[in-house]
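Commentary on secondary and tertiary structure
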Amino acid sequence: MSGGRRRLGRAWRRRRPLRTRLALSVTAAVAVVAVGVCAAAFLVVRSALYEQLDLSLTQSARLAAQRNPAEAPGTLAGECRFLAAPACAEVVAADPADDPATPGPLPVDPAARQVAAGRKAPYYTNITVAGFPARMLTTDYAKGRALQVALRADTVEDGIEEAAGWLVVTAAAGVLLAALLGYWVSRTGLAPVTRLTATAERIAATRDPRHRIELPPPGREDEITRLAGSFNTMLGELEKSVAAQRQLVADASHELRTPLTALRTNAELLARADRLTPDQRERASAALGRQLREVTGLVNDLIELARDEEPQPLVEQVRLGALVEHCAQAARTHWPAVPFQVRVPAEPVVVPGVPARLSRLLGNLLDNAAKFSRGGLPVEVELVPGLAGVPGRGPELTVRDHGPGIAAEDLPHVFDRFYRAGAARALPGSGLGLAMARQIARAHAAELTAEVAPGGGALFRLTF
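Just so it is clear, the structure is predicted and the values come from calculations on it, not from any experiment.

Inspection of the secondary structure assignment puts Val-384 in strand E9 (residues 379–384). A relative accessible area of 36% places Val-384 in the partly exposed class. C-alpha of Val-384 to C-alpha of Leu-397: the two residues are 13 residues apart in sequence and 6.3 Å apart in space. Other than its neighbours up to four places away in sequence, Val-384 contacts Pro-395 and Glu-396.

Looking now at the sheet that holds strand E12 (residues 458–463). In space, the 5 strands of this open sheet follow the order E7-E9-E10-E12-E11, with mixed pairing throughout. Unpaired on one side and paired on the other, strand E7 (340–343) and strand E11 (447–452) mark the two borders of the sheet. Taking the axes of each pair of neighbouring strands and ignoring which way they run, one obtains an average angle of 15° across the sheet. Looking at chain direction, E11 and E12 are connected through 6 bridges and run antiparallel. Opposite Ala-450, over in E12, you have Phe-460 as the bridge partner. Each of E11 and E12 touches helix H10 (residues 433–443); the most contacted strand, E11, lies at about 135° to it.

Here we take up the pattern of salt bridges. The full count for this structure, using the stated rule, is 5 salt bridges. A salt bridge links Arg-135 to Asp-54; the nearest nitrogen and oxygen atoms lie 2.4 Å apart. Of the two residues, Arg-135 is situated in strand E4 (residues 132–142) and Asp-54 in helix H2 (residues 18–65); the sequence distance between them amounts to 81 residues. Asp-54 matches Arg-135 in its accessibility class, with the two residues each being buried. Residue Arg-461 pairs with Glu-396 through a salt bridge whose shortest N-O separation is 3.1 Å. One end of the pair, Arg-461, is in strand E12; the other, Glu-396, is in strand E10 (residues 396–400), with 65 residues separating them in the sequence. Relative accessible area serves as the criterion here: at 23%, Arg-461 is assigned to the partly exposed category. The network of salt bridges with common partners includes Glu-396, Glu-451 and Arg-461.

This part takes up the packing of helix H9 (residues 355–372) against H10. Contact pair H9 / H10: the axes reach a minimum separation of 9 Å and the direction vectors enclose 145°. Crossing hand, H9 versus H10: left-handed. Where H9 abuts H10, its residues Arg-357, Leu-358, Arg-360, Leu-361, Asn-364, Leu-365 and Asn-368 lie against Gly-433, Leu-434, Met-436, Ala-437, Ile-440 and Ala-441. Across the contact of H9 with H10, the residue classes tally to 8 nonpolar, 3 polar and 2 charged.

Counting 37 residues, the largest nonpolar core has Leu-361, Leu-365, Leu-366, Val-379, Leu-448, Phe-460 and Leu-462 as its most contacted members. Among the elements of the structure, helix H8 (320–334), H9, E9, E10, H10, E11 and E12 are those that each provide at least two residues to this core. No other element matches H9, which puts 7 residues into this core. Look past the residues within four positions of Leu-365 in its chain and what remains in contact with it is Val-399, Leu-434, Ala-437, Leu-448 and Phe-460.

It is worth spelling out the packing of aromatic side chains at this point. For the structure shown, the criterion picks out 1 aromatic pair. Arranged with centres 6.1 Å apart and planes meeting at 85°, the rings of Phe-415 and Phe-460 form a pair that is edge-to-face. In this pair, Phe-415 is assigned in the loop between E10 and H10 and Phe-460 in strand E12, connecting sequence segments 45 residues apart. Lying over the aromatic face of Tyr-123, Lys-120 brings its terminal NZ or CZ to 5.4 Å of the ring centre. A cation sits over an aromatic face here: Arg-152 above Phe-132, 3.8 Å from the ring centre.

Here we come to the side chain of Arg-400. When you line up the elements, Arg-400 lands in strand E10. Within the buried core, Arg-400 has no salt-bridge partner, and the shortest N-O distance to an opposite charge, that of Glu-380, equals 4.7 Å. Within polar-contact distance, the side chain of Arg-400 engages the backbone oxygen of Pro-454 at 2.6 Å. Looking at Arg-400, its side chain comes within polar contact range of the main-chain oxygen of Gly-456, at 3.0 Å.

Before going further, it helps to examine empty space enclosed by the protein. For the structure shown, the criterion picks out 1 cavity of 30 Å³ or more. Roughly 40 Å³ of internal volume is contained in the largest cavity. Lining the largest cavity we find Leu-320, Leu-358, Leu-361, Leu-362, Leu-397, Leu-462 and Phe-464. Considering each element in turn, the lining of the largest cavity owes the most residues, 3 residues, to H9. When its residues are assigned to classes, the lining of the largest cavity shows 7 nonpolar, no polar and no charged.

Thresholds, definitions, all that
Residues numbered from 1 in each chain as written. Predicted model: local features only at pLDDT ≥ 70, side-chain atom pairs only at ≥ 80, totals over all residues. Heavy atoms only, no water. Helix = DSSP H or I, 4+ residues; strand = E, 2+ residues; numbered from the N terminus. Buried < 20%, exposed > 50% of the residue type's maximum accessible area, 1.4 Å probe, protein only. Contact = heavy atoms within 4.5 Å. Pairing = 2+ DSSP bridges. Axes fitted to C-alpha atoms, helices over the stretch in contact; angles between N-to-C directions. Salt bridge = Lys/Arg side-chain N within 4 Å of Asp/Glu carboxyl O. Left-handed = near helix turned anticlockwise from the far one by under 90°. Nonpolar A, V, L, I, M, F, W, Y, C, P; charged D, E, K, R; others polar. Core = buried A, V, L, I, M, F, W, Y, C linked by side-chain atoms within 4.5 Å. Phe/Tyr/Trp six-rings, centres within 6.5 Å; stacked < 30°, edge-to-face > 60°. Lys NZ or Arg CZ within 6 Å of the ring centre and 35° of its normal. Lys, Arg positive; Asp, Glu negative; His and termini not counted. Polar contact = N/O pair within 3.5 Å; in protein donor to acceptor, adjacent residues only side chain to side chain. 1 Å grid on protein atoms, 1.4 Å probe; cavity = no way out; pocket = protein on both sides within 12 Å on 5 of 7 lines; lining within 4 Å. Points joined across faces, edges and corners; volume = space filled by probe spheres on them.

Below is the structure:
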């Protein structure tokens with residue numbers, strides 16, 4: 001049964017908005033404190049009023065004790081039923097056989113007999129005298145005797161009731177104020193969360209990440225404000241990602257338009273092959289094959305660029321020296337007019353990676369360098385091993401050409417997708433090779449940078 005109630009309670013909390021739950025929590029916390037303070041104040045007031053009454057009883061008992069200690073059991077003063085009358089007082093014997101024939105106005109219980117016999121300490125009790133509340137002190141008087149003194153307690157009881165009433169009103173006002181404060185705190189404290197939610201819903205509805213959450217002025221930051229700032233930062237990155245995606249689609253469409261148009265033209269020519277000479281058919285067929293390879297390569301490059309990380313099952317320990325030699329040999333075959341000078345260390349240089357992807361990275365760098373090399377000048381490739389135990393000093397590979405170099409305005413953009421400098425617009429390529437090379441480098445925890453080489457030309461530095 002209790003488990004069912006707990007589940008219902010959890011379900012109710014889940015269904016309530018955070019603002020409601022926060023307001024209820026603040027209200028409950030402040031209400032508990034207010035009720036606790038009022039209860040403590042009630043106990044203090046009650047104790048203080050009874051302490052004053054007990055002090056009066058003690059003084060009355062001292063006055064009564066100044067009489068003859070051999071006083072026989074019986075009433076000493078018995079008019080305490082009146083509010084302005086002095087205290088009632090009577091002597092109680094330890095042995096009930098010594099009691100007078102006429103009982104006194106105050107009740108005698110066994111505890112009073114024990115005080116008279118010296119077996120119990122003095123004590124206070126609340127009694128009723130003539131239908132009115134009273135308080136009585138039972139204390140020792142003489143050997144075998146005890147003294148009972150009583151005073152009307154109407155004023156004390158009235159004071160306690162009045163204090164209780166005011167404290168109840170105070171507690172109720174405190175709970176009401178706590179509810180108002182809880183509501184205010186929930187509204188003001190969660191206002192950034194409300195704006196964050198509204199912004200997220202607006203972005204979901206419009207698919208426009210340009211929206212931002214309004215932040216308070218500087219100097220009024222808190223945890224919720226920092227959360228809203230982080231959300232704005234995330235929206236900024238999302239906007240950049242969406243813009244980059246749209247730009248990639250636009251650039252890819254632009255780059256594919258020309259080869260696809262040429263493909264369609266050559267396909268239409270070959271469809272009328274009976275009207276062409278054998279030489280024309282051969283040229284059209286060769287052009288069609290070349291354009292198909294160009295489009296296929298461009299599409300493959302786009303697919304690889306869409307992949308942000310390398311497949312982990314394909315990662316292995318790669319010997320960079322052998323890989324550099326292999327890629328340089330392939331580049332010599334593809335660029336027979338360009339000399340490639342390769343310098344690799346004698347000791348093996350090993351890094352974790354995907355061999356095929358690293359080959360693609362090096363191949364792109366070598367093709368780019370060969371494309372800009374001037375006649376007879378070599379492409380220089382050098383691999384330098386890292387320093388063991390020194391952070392950030394891993395293996396480094398440099399590829400340098402002796403071409404026109406990279407203009408200052410082009411240097412920040414050489415790794416952008418589809419970016420082609422003015423000197424490269426007349427050369428073959430799609431502008432994706434260096435972008436792909438940097439993506440592969442970062443997927444292998446390496447950094448690829450470009451700089452102007454001393455003495456002219458471009459220098460690409462790959463640091464693991």
